[in-house]
Structures are given as structure tokens and as C-alpha cells.
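Examination of the molecular architecture
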Amino acid sequence: TGIVDVSHEYEKMYVVRPQFFIQLIGLLRNAALNSLKYKQELALVREQNIDITHFEEDLDAFKLAFAKNYNSASTNFGKAIDEIDKAIKRMEEVKKFLTTSGNQLRLANNKLEDVSVKKLTRKNPTMKAKFEALKGE
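Below or above, wherever it landed, is the structure these notes cover. (Residues numbered from 1 in each chain as written. Predicted model: local features only at pLDDT ≥ 70, side-chain atom pairs only at ≥ 80, totals over all residues. Heavy atoms only, no water.)

1. Here we look at the overall build of the protein chain
Counting its secondary structure elements, the protein chain contains 3 helices and 2 strands. The order of α-helices and β-strands along the protein chain, N terminus first, is β-β-α-α-α. Computed over its C-alpha atoms, the radius of gyration of the protein chain comes to 54 Å, more than 25% above the 14 Å expected for a compact globule of 137 residues. Within the structure as shown, the protein chain displays about 13000 Å² of accessible surface, and the carbon and sulfur contribution to it stands at 61%. (Helix = DSSP H or I, 4+ residues; strand = E, 2+ residues; numbered from the N terminus. Rg over C-alpha atoms; globule rule 2.2 N^0.38 Å. Areas by Shrake-Rupley, 256 points an atom, 1.4 Å probe, with all protein chains shown as cover.)

2. A closer look at helix H3 (residues 125-136)
For H3, built from 12 residues, the straight-helix expectation of 16 Å at 1.5 Å per residue is met to within 8% by its first-to-last C-alpha distance of 16 Å. The element H3 is largely exposed, with a buried count of 0 among its 12 residues. (Expected span 1.5 Å × (residues − 1). Buried < 20%, exposed > 50% of the residue type's maximum accessible area, 1.4 Å probe, protein only.)

3. Looking at the pattern of salt bridges
A complete count under the given rule lists 1 salt bridge for this structure. One salt bridge connects lysine 86 with glutamate 83, and the closest N-O pair in it is separated by 3.6 Å. Of this pair, lysine 86 and glutamate 83 are both found in helix H1 (residues 21-114), 3 residues apart, which corresponds to roughly one turn of the helix. Residue lysine 86 is classed as partly exposed on the basis of its relative accessible area of 45%. (Salt bridge = Lys/Arg side-chain N within 4 Å of Asp/Glu carboxyl O.)

4. Regarding the environment of glycine 2
Examined against the element boundaries, glycine 2 turns out to sit in the segment before strand E1 (3-5). According to the relative accessible area criterion, glycine 2 is buried, its value standing at 7%. Separated by 17 residues in sequence, glycine 2 and glutamine 19 have C-alpha atoms that sit 8.1 Å apart. Filtering out sequence-adjacent residues up to four positions away, glycine 2 remains in contact with Val15, Val16, Arg17 and Phe20. (Contact = heavy atoms within 4.5 Å.)

This is the structure:
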């Protein structure tokens with residue numbers, strides 16, 4: 001009567017009449033092709049899942065590397081700001097010293113301009129006499 005399933009007596013066994021043998025081979029072939037198609041689709045889905053996993057791993061690695069670079073740059077930026085602040089303080093001290101020196105030079109110049117023969121000879125009678133003698137000649 002065609003193809004008979006006798007798996008209740010023998011596991012994985014079918015009885016086939018010779019005239020239906022070609023149809024059975026066709027059925028097995030089609031089943032194998034469908035099975036192959038499903039296996040290929042399953043492999044493709046697994047590969048996509050692996051790609052997603054690799055993408056997530058790559059993204060995490062990128063995030064870690066970026067965070068490391070950001071922290072390093074932030075630290076260097078902070079150090080640079082500190083060094084600028086120190087340089088400003090040093091320059092302010094130099095400015096203060098230069099301003100003080102300028103004031104001292106101005107005072108020295110004022111004292112130099114106030115120097116005269118009369119002021120130099122005021123408390124020295126010998127020098128006063130010699131200058132008067134020069135004037136009298």
C-alpha cells in the first residue's frame with residue numbers, strides 16, 4: 001500500500017514497496033534540503049548574534065580606551081592650569097621686585113639731584129673754606 005511506518009516495532013524503520021522507492025528517495029532528498037536550509041539560517045542567525053556580541057565588546061573596549069584617554073588628558077589639563085597659576089605668581093613677584101627697584105632708583109635719582117656744593121660743604125668747614133677761596137680768585 002505504499003510507505004508503511006513500522007517504527008512501533010523497529011526504531012527508525014519504514015517499509016517501502018519497490019514502485020514507491022523513487023518517491024521515498026525524493027521525500028528524503030527534499031527533507032534533507034529543507035534541513036540544510038534551516039541549518040544555514042540557524043548558522044546565519046548565530047553569526048549575527050556573534051557579530052552583535054563582538055560589536056558590544058568592541059564598543060566596550062572603545063569606551064574604556066576613550067575613558068582612559070579622557071582621564072589622562074584631564075589630568076594633564078589640570079597640571080597645565082596649575083603650572084600657569086604658578087607662573088603667574090612668579091611673574092607677580094618679579095613685577096613687585098622690579099617695581100620696588102624702580103622706586104629705589106627714583107629715590108636715588110632724587111637724592112642725586114638734591115646734592116649740591118652747599119649741602120656737601122655745610123658741615124665741613126675745611127671744604128667750605130677751599131670752595132670760597134676758589135670763588136674769590
